[in-house]
Amino acid sequence: MPSKKQPLKQNDHILVFVLVESTVVLVQSAFVLIYAALIQSAFVLVQSTFIFIQSAFVLVQSTFIFVQPAFIVIRTYFFIQSVFVLIYSALIRSAFVIVQSTIVFVQSAFDLIQSTFISFRPAFVLIQETFSLKEISDC
């Protein structure tokens, strides 16, 4: 059976108006929910960004705290190395001073022996001449 369109009754207009108003309110509610979700997502994004930045600072701080003992070890190594270099250079300088002093001592001893022979040479010459004169007088 074909259906015939029946004219709207007075209450039907009110139902159509309520239906349109409900649809508008529903669409507006959907936009408000989407808008609220976007705003909440933005706040969550900002909050997550701050948490990320805080985590980065904590990571940097932790890295410095972790690396600081390594710097202390490196400084200690360089300190010990400089002490050994100082001791080594002092020993080398002492060895050079000892060698130089020994050379000066030996040179002084040779100079002393040489000056002794030079100062006693006239006495040796006199003794030699005395013996040669004695031999001549014995002949």
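Model, not experiment: these values are computed from the prediction. (Residues numbered from 1 in each chain as written. Predicted model: local features only at pLDDT ≥ 70, side-chain atom pairs only at ≥ 80, totals over all residues. Heavy atoms only, no water.)

Caption draft 1: Representation of the overall build of the protein chain within the structure. A tally of regular secondary structure across the protein chain gives one helix and zero strands. A compact globule built from 139 residues would reach a C-alpha radius of gyration of about 14 Å, whereas the protein chain, at 58 Å, exceeds it by more than 25%. A principal-axis box enclosing the C-alpha atoms of the protein chain has dimensions of 190 × 30 × 20 Å. Here the protein chain holds 139 residues, and the buried ones make up 0% of them. Of the side chains in the protein chain, 7 bear a positive and 6 a negative charge, and the two mean positions are spaced by 39 Å. (Helix = DSSP H or I, 4+ residues; strand = E, 2+ residues; numbered from the N terminus. Rg over C-alpha atoms; globule rule 2.2 N^0.38 Å. Buried < 20%, exposed > 50% of the residue type's maximum accessible area, 1.4 Å probe, protein only. Lys, Arg positive; Asp, Glu negative; His and termini not counted. Charge placed at Lys NZ, Arg CZ, Asp CG, Glu CD.)

Caption draft 2: Looking closely at the environment of Thr-116. Within the secondary structure, Thr-116 is located in helix H1 (residues 10-138). Using a relative accessible area of 31% as the deciding quantity, one classes Thr-116 as partly exposed.

Caption draft 3: Geometry of a nonpolar patch on the surface. A contiguous nonpolar patch, built from Phe-105, Val-106, Phe-110, Ile-113, Phe-117, Phe-120, Phe-124, Ile-127 and Phe-131 and spanning about 990 Å² of accessible area, is present on the exposed surface. Along the chain, the position of Phe-120 falls in helix H1. (Patch = residues over 30% accessible without salt bridge, like charges linked within 9 Å, V, L, I, M, F, W, Y side chains within 5 Å. Areas by Shrake-Rupley, 256 points an atom, 1.4 Å probe, with all protein chains shown as cover. Salt bridge = Lys/Arg side-chain N within 4 Å of Asp/Glu carboxyl O.)

Caption draft 4: Region of interest: the packing of aromatic side chains. One pass over the structure, following the stated rule, counts one aromatic pair. Between Tyr-77 and Phe-78, the ring centres sit 5.6 Å apart and the planes meet at 55°, which makes this aromatic pair tilted. (Phe/Tyr/Trp six-rings, centres within 6.5 Å; stacked < 30°, edge-to-face > 60°.)

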